Structure formats: C-alpha cells, structure tokens
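Listed below are the residues making up each chain.
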Amino acid sequence: MSVSISVDLGPRSYSVLIGNGVLDVLGAAVRTKGLKQTDAFIITNSEVGGLYFEAVRAALERAGFRRIVRHEIPATEEGKNWEEFSGTCAALLENFPDAGSIPLVLLLGGGVVGDLGGFAAAVFRRGIPFVQLPTTLLAAVDSSVGGKVAVNFGGVKNIMGVFNQPRLVYCDLALLRSLSPREVRSGTSEVIKYGAVCSRELFEQLEGGDLEKLIALDPDTLEDIVGQCVRLKARVVEQDEFDKKGIRNVLNFGHTIGHALELSADYTLTHGEAISIGMAAATRLAMALGKCDQAFYERLHSLLMRAGLPDGHPDAPGLFDRVLRAMQLDKKFREGKNVFVLPTEAGAWVQQENVEWALVHEALRSVLRAG
C-alpha cells in the first residue's frame with residue numbers, strides 16, 4: 001500500500017488507503033482494521049460489478065469471508081432514489097435475517113453506490129460497518145471520504161440521508177483505468193475545486209501541467225493528487241464532521257448552482273460537469289461582489305477548459321426558474337436567506353450570506369446560454 005491517510009474523528013476515525021494494483025490484498029487490509037465479519041454484502045452496479053466483483057470476492061475469500069452477496073443498483077444519479085434504497089435494505093434483510101450474522105457492506109462503485117450504500121448501512125439494524133471502494137476519480141477524491149450518505153427524494157438532491165463514516169476507504173487507482181474519458185474529466189472538476197478554494201499549491205500544480213497528466217491517469221500524478229485532495233478533505237471534515245460550524249461549506253464551492261442545474265437539467269450533465277458550471281457561475285458572482293478579480297476567474301476558466309469541462313449550459317424554456325427553485329431547497333438556504341461559497345483568490349474563500357437575488361440571477365443567466 002503506497003499511501004495511508006488518517007481521518008481523525010475520535011472513535012469514528014478511519015484510514016484512506018491509496019495504492020495502485022492493490023485489490024488482491026483488500027481482504028488483508030480489512031482484517032487489519034479489526035473487521036471480523038465472515039459475511040459480506042457488496043453493493044455495486046452492473047458495469048463495475050462485471051469488471052471487479054470477482055476480484056473483490058477472491059480477495060475477501062482469502063481473508064476468511066465465507067458468504068459474499070452481490071447487490072446491484074443503477075449507476076446513474078436518477079437511480080439514487082428511495083425505491084432503490086428500499087430495495088437495497090430489503091435485500092440486506094432477505095440475505096441476513098438473523099441478527100447474529102451481521103455482514104460487512106462493501107461499496108464498489110462511484111458516488112451513487114457510495115451515497116446510497118452508505119445510507120443503507122447506516123439504517124440497517126441501526127447501523128452496520130461498511131467499506132468504501134471508490135472506482136471513479138470523483139469518488140476517490142471527494143465523495144468516498146467524509147461520511148455524507150444520502151438519496152434523492154421528492155425532486156431534491158441528497159435530501160434524505162445521515163452522517164455515517166466508513167470503517168475504511170480502500171482506493172485502488174488501477175480501477176480508474178476502466179473509466180470513460182468523460183468520467184475522468186468529470187472527476188477533475190472536484191480536483192479543481194480543491195485547488196480553487198483549499199490549496200493554492202494544488203491550483204498552481206494543475207496550472208503547471210499536472211492537470212493533463214491527471215487526465216491521462218499518470219500513476220505518480222494520480223497518486224499524488226488523489227492523496228492531496230483526500231488530505232484536504234480530511235482536515236476540513238475533522239474540524240466540522242457534522243456540518244454545523246460552516247467550515248465544511250468550503251467543500252460546496254460550485255455546488256449550490258451546480259446541484260440545482262444537475263437536477264433541473266434532468267441529469268443530462270454529470271455531477272462534475274454541473275459543478276464546473278456552478279464554479280464558473282459562483283466565481284462570476286464573486287467578481288460582481290468584489291470578492292475576487294477578473295484574473296482569478298480567467299485562471300479558473302482556463303483550467304476548466306483544459307479539462308474539457310463546460311462553463312455553461314444551453315438554456316431551455318423554464319430551466320432558469322427550475323434552477324432557482326432547486327437552489328432554494330439547498331441545505332445552505334435558511335429562513336429564506338441564501339449562502340454562497342465564493343473564491344477570493346487561489347486557495348482561499350469566503351462565505352457570503354443573503355446575496356441580492358438580482359446578482360444571483362445575473363450569475364445564473366451568465367451560464368445559461370441561448371442556442
């Protein structure tokens with residue numbers, strides 16, 4: 001194992017293990033974390049399961065696991081819904097009806113599998129242990145760490161969920177080589193986010209040419225940058241595990257408008273593409289409020305373009321109003337007041353409350369384009 005990063009949360013602490021070609025020793029790693037189960041419930045999707053389930057099963061069997069159940073859910077954000085969540089809980093109960101046989105849940109996939117599966121693990125028998133096995137760049141650098149698990153409900157993204165920390169995050173970077181180019185680009189959006197508001201050094205490293213190496217999945221660059229992003233997120237989560245202090249809001253740069261657009265555009269955008277557009281809009285809003293200058297916007301925009309990410313989305317009848325309604329359901333909107341995470345310079349941010357709606361409208365209009 002090449003890198004081990006600790007997420008220090010007292011009794012809920014865990015490690016993020018990052019390596020290349022290490023799937024075969026997964027079972028041994030699980031045992032070193034004190035996980036003694038002999039049954040496993042692997043949540044995945046058909047594509048990822050087809051590629052990696054047998055390797056995961058073999059690794060677990062070598063570590064003494066006897067019964068290993070595979071459960072598939074859709075890979076798409078539309079599938080991260082209450083019905084699939086209920087079906088996953090039903091499959092857990094059907095396969096493990098005896099309280100004396102508690103399985104270890106393993107989440108083999110991207111953010112959808114991690115979110116829905118972590119939520120199911122949180123509520124089945126009031127909580128059973130789970131391990132994150134991220135297979136996308138986006139999940140590796142962001143969603144597999146931090147314990148936010150949820151499903152979409154009632155037309156609102158991630159509205160039903162809890163905080164539930166994994167017992168281990170096990171990231172084999174070799175699994176990312178099966179990603180499509182679009183999925184890789186989507187993951188770079190979250191990497192750029194970390195540089196833009198959390199780390200000047202990472203932002204400048206991406207500007208200096210490592211963005212292209214990351215997109216090419218260069219092993220050394222991938223290990224370095226995934227490790228940096230995980231460390232950045234771990235330090236934020238350690239200060240604000242339950243999102244009560246406002247510190248964790250930094251991780252939502254670009255997400256207020258991005259999430260709303262992702263939902264309102266009927267998930268024709270990937271999560272990373274929507275966040276790219278959201279970051280462009282939020283930075284325009286920061287400029288309008290005098291929080292950052294044109295030069296920083298141009299630097300951010302250049303990285304998004306080099307990554308092959310969008311900075312806008314075609315307008316459509318009613319889309320503007322749908323996005324506005326979805327934004328008002330964002331968790332950071334309280335008592336009718338909005339809150340935006342805005343960049344001030346590379347690696348720095350400010351939280352702005354109750355921004356004038358005229359400026360919000362202008363920023364949104366800037367990324368919804370005719371034709």
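This report concerns the structure included in the present document. (Residues numbered from 1 in each chain as written. Predicted model: local features only at pLDDT ≥ 70, side-chain atom pairs only at ≥ 80, totals over all residues. Heavy atoms only, no water.)

**Re empty space enclosed by the protein**
The tally for this structure, following the rule as stated, stands at one cavity of 30 Å³ or more. A volume near 50 Å³ is recorded for the largest cavity. Contributing to the lining of the largest cavity are N252, F253, G254, H255, T256, I257, G278, A282, F340 and V341. Within the residue set of the lining of the largest cavity, elements represented by two or more residues are α9 (255-264), α10 (271-288) and β11 (339-345). Residue composition of the lining of the largest cavity, by class: five nonpolar, five polar and no charged. (1 Å grid on protein atoms, 1.4 Å probe; cavity = no way out; pocket = protein on both sides within 12 Å on 5 of 7 lines; lining within 4 Å. Points joined across faces, edges and corners; volume = space filled by probe spheres on them. Helix = DSSP H or I, 4+ residues; strand = E, 2+ residues; numbered from the N terminus. Nonpolar A, V, L, I, M, F, W, Y, C, P; charged D, E, K, R; others polar.)

**Some remarks on the sheet that holds strand β2 (residues 14-19)**
Pairing in this open sheet of seven strands is mixed, and the strands run β1-β2-β9-β6-β5-β3-β4 from one edge to the other. Pairing within the sheet leaves two strands with one partner each, and these edge strands are β1 (3-7) and β4 (67-72). The average angle at which neighbouring strand axes cross in this sheet is 20 degrees, direction not considered. The pairing of strand β3 (residues 39-44) with strand β5 (residues 104-109) spans four bridges and is parallel. (Pairing = 2+ DSSP bridges. Axes fitted to C-alpha atoms, helices over the stretch in contact; angles between N-to-C directions.)

**A word on the packing of helix α6 (residues 181-198) against helix α8 (residues 219-239)**
Where α6 contacts α8, the two axes come as close as 10 Å, and the packing angle between them is 55 degrees. The orientation of α6 with respect to α8, classified from their angle, is oblique. Helix-helix and strand crossings are classified by hand; for α6 and α8 the assignment is left-handed. Contact with α6, carried on its side by V191, Y194 and C198, involves I225, C229, L232 and K233 of α8 and no other residues of that element. For the contact of α6 with α8, the per-class residue count stands at six nonpolar, no polar and one charged. (Parallel < 35°, antiparallel > 145°, perpendicular 65-115°, else oblique. Left-handed = near helix turned anticlockwise from the far one by under 90°. Contact = heavy atoms within 4.5 Å.)

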